[in-house]
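The residues making up each chain are set out below.
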2 protein chains.
Amino acid sequence: MVSERMKQSIERGKPMAALFTAKDRLVSRFGPDDVYDFSIGNPNVPAPATVKESIIKQAKELTELELHSYTPVEGYPFVRKAIAEHDREKFGVDLTEKNILMTAGAAGGLNAVMMTLLDEGDEVIVLKPFFGEYAVYVEHAGGELVVVPTEEGTFRIDVKEVERAITRRTKAVLINTPNNPTGVIYSEDELRALADMLYKKSNDLGIDIALVSDEPYRDLAYGGQDVPYLPKLYDNTIIVYSFSKSLSLPGERIGYITVSDSMTERDVVKAGLATAIRSLFVNAPSLIQRVVCDCIDDECDVAYYKRNGETLYEELTKIGYECVKPEGAFYLWVKALVDDDFEFAKMAEDHHIAILPGSAFSGPGYFRLSFCVAYETITGSIPHFKELYDDVCGK
Amino acid sequence: MVSERMKQSIERGKPMAALFTAKDRLVSRFGPDDVYDFSIGNPNVPAPATVKESIIKQAKELTELELHSYTPVEGYPFVRKAIAEHDREKFGVDLTEKNILMTAGAAGGLNAVMMTLLDEGDEVIVLKPFFGEYAVYVEHAGGELVVVPTEEGTFRIDVKEVERAITRRTKAVLINTPNNPTGVIYSEDELRALADMLYKKSNDLGIDIALVSDEPYRDLAYGGQDVPYLPKLYDNTIIVYSFSKSLSLPGERIGYITVSDSMTERDVVKAGLATAIRSLFVNAPSLIQRVVCDCIDDECDVAYYKRNGETLYEELTKIGYECVKPEGAFYLWVKALVDDDFEFAKMAEDHHIAILPGSAFSGPGYFRLSFCVAYETITGSIPHFKELYDDVCGK
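All of these numbers come straight from a predicted model, not from anything done at the bench.

Cut-offs and rules
- Residues numbered from 1 in each chain as written.
- Chains lettered and ligands numbered in written order.
- Predicted model: local features only at pLDDT ≥ 70, side-chain atom pairs only at ≥ 80, totals over all residues.
- Helix = DSSP H or I, 4+ residues; strand = E, 2+ residues; numbered from the N terminus.
- Rg over C-alpha atoms; globule rule 2.2 N^0.38 Å.
- Buried ≥ 20, exposed ≤ 12 C-beta atoms within 10 Å, placed from the backbone.
- Contact = placed C-beta atoms within 7 Å.
- Pairing = 2+ DSSP bridges.
- Least-squares fit on C-alpha atoms with pLDDT ≥ 70 in both.
- Axes fitted to C-alpha atoms, helices over the stretch in contact; angles between N-to-C directions.
- Core = buried A, V, L, I, M, F, W, Y, C linked by C-beta atoms within 7 Å.
- Domains from an automatic or database assignment.
- Expected span 1.5 Å × (residues − 1).
- Bend = angle between axes of the 7 residues up to and from the residue.
- pLDDT = per-residue confidence, 0-100.
- Parallel < 35°, antiparallel > 145°, perpendicular 65-115°, else oblique.
- Left-handed = near helix turned anticlockwise from the far one by under 90°.
- Nonpolar A, V, L, I, M, F, W, Y, C, P; charged D, E, K, R; others polar.
- Arc of directions from axis to C-beta.

Looking only at helices and strands, chain A features 14 helices and 12 strands. For 395 residues, the compact-globule estimate of 2.2 N^0.38 gives 21 Å, and the C-alpha radius of gyration of chain A, at 21 Å, lies within 12% of that figure. Overall size of chain A, expressed as C-alpha extent along the three principal axes, is 60 × 60 × 55 Å. When each of the 395 residues of chain A is scored for burial, the buried share is 54%. Here the analysis covers contacts within chain A between residues at least 6 apart in sequence; of these, 73% occur between residues at least 24 apart.

Dropping the structure here:
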């Protein structure tokens, strides 16, 4: 009954699916109070209070038809306008509602982007390690994923490696900053070097290469630095954003795509995105569009994540773990203590800790810790991480 | 920049895209008060009051994390349980939460079903006329659409025609009852005849054929008859449902898939659907899952649509139009007065009326009227329909 292709997807998806069961496994082994789950990136910091206020206000003031009717495919114009104005002010660029399309989260946006750009066999370059679902979005749109390494140990963009991977079939370079799983924020310098190379290669090969930037963690930056605004550096940029993290609304499926005016075939790109949004039905839900519009200037308690990340980084490096200091997002990317990261994940479970093996991100030999957890989970886990370290490396 | 495939989709989608502009075109020609828009199926009957009450109650009583966190891929277990219990009682079948997967509307569900069932080149049979987006869902999953005629004039299932279209590559027959655009509800007898033929052909060819039933209009039935519950007639049935119409929540993207226990490879089908839901990110939004759970026994004012449909049918047939008496959904399927239905749509616009040409549903020579409009739009439009008729056919 089920297609061969889907059977393969089910198999390939098992490491991701296992994400959702690791905690249950540990709880049944050790009870609910001595388990440290760092596996899933499900925000633990609540949405700001303004979200609830907005929901209640909208429900009280508007009619049912205003609240729940189909919205235009691209989203409500007034919501897109508010977002454009917010980003225009924040980034100092020219934007109107015509540059914004609302989507069902960043994943809905990325699916729509890939459907818009890719013909069968077109190539999309991603930098490893990367969020595993990118492969699904690209293949689902008929494209081929080309995986390029980042700089050893720092996970920064290796522009030469990206350049080497570009062919006449390259349609897009897909980056993610702040990065899941490494926590790296690409600097303006490295993005400029990437952009310059892309301009040169596009010109040399006579092709258009899109730079697709997946930025659900844009507002989770801890070093005081902003995440560089890519359309300033490269014309053919498409930004995919989500409110899942900044407003802690992952269950509500709400985000947006930005296409700047300088994009090649701008109007066809936007028509393609609208067509994809309609046919995938990754429209943004109606009520929550109004809510993010009300809350566009708000954010969840990002400082909570900052403290979590700093504590976890300091304590783990003190023990002896090697990891990248997280600049953004809510992940710590740590070198596994044995070569086989799946094996290491099992060893961690024996010590009450749920982690995600780096192989799930094409980063074998590492593991990812999601630090969107209670601070007590961080502090409580440290003795267990210590025991795990001692167990493997000796005291 | 944009793929050739998407450029073709944009072209093909133009009749659908035109849906969203017909009313604006007429308003700019004739002013806002003398325009009769029957083009779009956007429910005009408000959601029941319990929806708003539920939203406010949930927002007041639950924490932000309870309201807005990622839900399980298949949806909240308690929501799926409430739906299973509701349908179990209503249809007298054995269902639990394990048979139910929440999705972003019926369209999200259909996309997930096609991704689960289809390998490249697999065939899906649809009965014309049909909702045009079916072609997108099928092709998007790599399948091929096989279009089969219904019975001339009555638009009932022609089981012999369906049988003739079945090959070894047939993976699914996709039906829609109550039907968009014809308003027909397939009877238990004709569905049983279809099911018996499918059993026989599956057996003869040694293949599994799924019967996928798209039922967003299930609760909009006007003749007093229920919409037959297909899993009772055919084991390999997948039902795709949406709350868009029954609760008037089209903007909120909420529906569900039912897979019955008797389905071949049931557990793999469900794993495939969950994988598709995750990778397409057609998850049902979180808050609205709780809301439909609260409102599972409620419905919008279906009697309003019934009166609209009856009035429109009676008045148009009195004038001389030939149409199918709508048994369900909120569409009237009418024979165009000239052969070219696109040409006829233009003529209707000259008479202040926005319609949808039947060709958008692979039903040339007909047109569709959505009667989910104010009753005053129905009554106000009649003189215009009369003038249009007289204009074309003479007094």
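With that settled, the discussion passes to the pairing of strand S7 (residues 237-242) of chain B. Residues and elements named next belong to chain B. Among the six residues in S7, six count as buried, and that is most of the element. Where burial is concerned, the two faces of S7 agree: the one with Thr-237, Ile-239 and Tyr-241 and the one with Ile-238, Val-240 and Ser-242 are both buried. Strand direction decides the pairing type here: strand S6 (residues 210-214) and S7, joined by four bridges, are parallel. Paired with Asp-214 across the strands is Val-240, a residue of S7. Of the pairings in the sheet, the one linking S7 to strand S8 (residues 255-259) comprises five bridges and is antiparallel in character.

Let's shift gears to the relation of the copies chain A and chain B. With an RMSD of 0.0 Å, the operation that places chain A on chain B is a rotation of 180° combined with a shift of 0.0 Å along the axis. Interpreted geometrically, this transformation is the action of a two-fold axis. For chain A, the minimum C-alpha distance to the rotation axis belongs to Ile-56 of chain A and amounts to 2.7 Å. When you check the interface residues of chain A against chain B, 100% turn up at the interface there too, and the contact is symmetric in its surfaces.

Before going further, it helps to spend a moment on the environment of Thr-103 of chain B. All names here are of chain B. Among the structural elements, Thr-103 can be located in strand S2 (residues 100-103). A tally of 30 C-beta atoms within 10 Å means that Thr-103 is categorised as buried. Those residues in contact with Thr-103 that sit more than four places away from it in its chain are Gly-108, Gly-109, Ala-112, Gly-255, Tyr-256, Ile-257, Ile-277, Val-282 and Ala-284.

So, about the sheet that holds strand S2 (residues 100-103) of chain A. Residues and elements named next belong to chain A. On the basis of which strands lie adjacent, the open sheet formed by seven strands has the order S2-S8-S7-S6-S5-S3-S4 and mixed pairing. Two strands close off the open sheet at either side, each with one partner strand: S2 and strand S4 (144-149). Put simply, the sheet's adjacent strands are angled 25° from each other on average, direction ignored. Most of the contacts of helix H6 (residues 105-117) go to strand S7 (residues 237-242), to which it runs at about 155°, and overall it touches S2, strand S5 (170-176), strand S6 (210-214), S7 and strand S8 (255-259).

With that out of the way, let us pick up the nonpolar core. Val-113 and Phe-371 of chain A together with Val-113 and Phe-371 of chain B are the most contacted members of the largest nonpolar core, which has 254 residues in total. Those residues in contact with Phe-371 of chain B that lie beyond four places of it in its chain are Phe-38, Tyr-305, Asn-308, Gly-309, Leu-312, Phe-330, Leu-332 and Ile-378 of chain B.

Residue and element names in this part refer to chain A. Taken in spatial order, the three strands make up an open sheet running S9-S12-S11, and their pairing is antiparallel. Two strands lie at the open edges of the sheet, namely strand S9 (331-335) and strand S11 (356-357), each paired on one side alone. Bridging between S11 and strand S12 (residues 366-370) involves two bridges; their strand directions are antiparallel. Among the inter-strand pairings, Pro-357 is bridged to a residue of S12, identified as Phe-367.

All names here are of chain A. In terms of domains, chain A is made up of domain 1 (4-47 + 301-393) and domain 2 (49-294). Taking only C-alpha atoms, the centre of domain 1 and the centre of domain 2 are 26 Å apart. Taken together, the contact between domain 1 and domain 2 spans 27 residues of the former and 28 residues of the latter. Of all the secondary-structure elements, those providing two or more residues to the side of domain 1 that touches domain 2 are helix H12 (302-319), S9 and S12. In terms of residue count, H12 provides more of the side of domain 1 that touches domain 2 than any other element does, four residues in total.

Glancing now at helix H15 (residues 375-393) of chain B. Residue and element names in this part refer to chain B. When the terminal C-alpha atoms of H15 are compared, their 27 Å separation across 19 residues agrees well with the 27 Å that a helix rising 1.5 Å per residue should span. Where H15 bends most, at Ile-382, the angle is about 35°, and the proline Pro-383 comes one to four residues later. Those residues of H15 that sit buried are Ile-378, Ser-381, Phe-385 and Leu-388. Lining the buried residues of H15 we find strand S1 (36-37), helix H13 (302-319), helix H14 (341-350) and strand S10 (353-354).

Per-chain confidence: chain A averages 94 in pLDDT, with 98% of residues scoring 70 or above. Reported confidence for the predicted complex is 0.93 by ipTM and 0.95 by pTM.

Moving on, we get to the packing of helix H3 (residues 49-61) of chain A against helix H11 (residues 286-294) of chain A. All names here are of chain A. For the pair H3 and H11, the least separation of the axes is 9 Å and the interaxial angle reads 130°. When the axes of H3 and H11 are compared, the pair comes out oblique. Viewed along their axes, H3 and H11 form a crossing whose handedness is right-handed. Contacts from Thr-50, Val-51, Ser-54, Ile-55 and Gln-58 in H3 reach Leu-287, Arg-290, Val-291 and Asp-294 in H11. Along the lines of polarity and charge, the residues of the contact of H3 with H11 split into four nonpolar, three polar and two charged.

It is worth spelling out helix H5 (residues 77-91) of chain B at this point. Residues and elements named next belong to chain B. Taking 1.5 Å per residue as the helical rise, H5 with its 15 residues ought to reach 21 Å, and the 21 Å between its terminal C-alpha atoms agrees with that figure. Looking at H5, one finds that the buried residues are Val-79, Arg-80, Ile-83, Ala-84 and Asp-87. Here the buried residues of H5 occupy an arc of 135° about the axis, which is enough to place them on one side. Relative to its buried face, H5 has exposed residues pointing more than 90 degrees away, namely Phe-78 and Glu-89. Tucked into the core, H5 has its buried residues touching S2, S8 and helix H12 (286-294). Directly after H5, the chain includes Gly-92, whose backbone phi takes a positive value near 65°.

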